Each structure stands twice: as C-alpha cells, then as structure tokens.
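Now for the letters of each chain:
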Amino acid sequence: MIPPRFTIKPCSNNSKRWYVSIKPSNNFRLSAIKESLIKKQYKVLIATPSVMVFKLENIRLTCHSEGLIQVDLYESHKKTLKEIEQLIKEIL
C-alpha cells in the first residue's frame, strides 16, 4: 500500500503548531490512526467519531475525520518541517 500523501504547513500565529492535510483521494481512517498511535504509547484524550486527540510527552495530535491533523509541540525548541514529516509518516 502506498502511504497517503499529505501537505504540512506551520501555523502563522503559533510557532509550535503545524497543520497536516491528508489529500482527499487517500483512504484516511481515524480508527487506523488510533491503532497506530496507541501502539506508539500515545494516550487518548478525546475520542469522538469525527475528532480524536492524542498526547505523548511533548506532542499533542488532534486528528479530524476530514483528513486534518493538528500537531502541537510542547518543547522549548521548534521542530523542523522534515521532523514533522517523519512523525506523520510513522503514524500513517
């Protein structure tokens, strides 16, 4: 299976927030994201049919069923685009 294609944009108002948009042609399923993140020891904070929020140490992920993932970082240093891209590839 080919990994889903996505685009990553930094938030203009918050340097520790990134937005990841999964291209609509890909099969994006919250249940698969949930399984992947639980295996990686993420804690489920919120689970609804359309939004799920996960947290692991210094990262919070908000996943929307429409194919949007909001990445919030709680670290003193900012991650690079490549680091965010690698994180998303590991999840998907």
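Residues numbered from 1 in each chain as written. Predicted model: local features only at pLDDT ≥ 70, side-chain atom pairs only at ≥ 80, totals over all residues. Heavy atoms only, no water.

Our focus in this paragraph is unusual backbone geometry. For Q41, which is not a glycine, the phi torsion comes out positive at approximately 75 degrees. Relative to the assigned elements, Q41 resides in the loop between α1 (30–39) and β3 (43–47). Unlike most non-glycine residues, E57 shows phi in positive territory, near 45 degrees. Position of E57 among the secondary structure elements: in the loop between β4 (51–56) and β5 (59–64). Looking at E57, the relative accessible area reads 66%, which means it is exposed. (Helix = DSSP H or I, 4+ residues; strand = E, 2+ residues; numbered from the N terminus. Buried < 20%, exposed > 50% of the residue type's maximum accessible area, 1.4 Å probe, protein only.)

Among the residues of α1, those classed as buried are L30, I33, S36 and L37. Down the axis of α1, the sector holding all buried residues measures 125 degrees, keeping them to one side. Of the surrounding elements, those touching the buried residues of α1 are β4, β5 and α2 (81–91). Of the residues flanking the end of α1, it is Q41, one or two places downstream, whose phi is positive at about 75 degrees. (Arc of directions from axis to C-beta. Contact = heavy atoms within 4.5 Å.)

Here we take up the side chain of T62. Along the chain, the position of T62 falls in strand β5. Leaving out residues up to four positions away in the same chain, T62 has contacts with V51, M52, V53, L68, I69 and Q70.

Take the pairing of β3 next. In the sheet, β3 pairs with β4 via four bridges, with the strands oriented antiparallel. Residue A47 lies in a different strand from β4, and its bridge partner there is M52. In this antiparallel pair of consecutive strands, β3 and β4, the connection spans three residues. (Pairing = 2+ DSSP bridges.)

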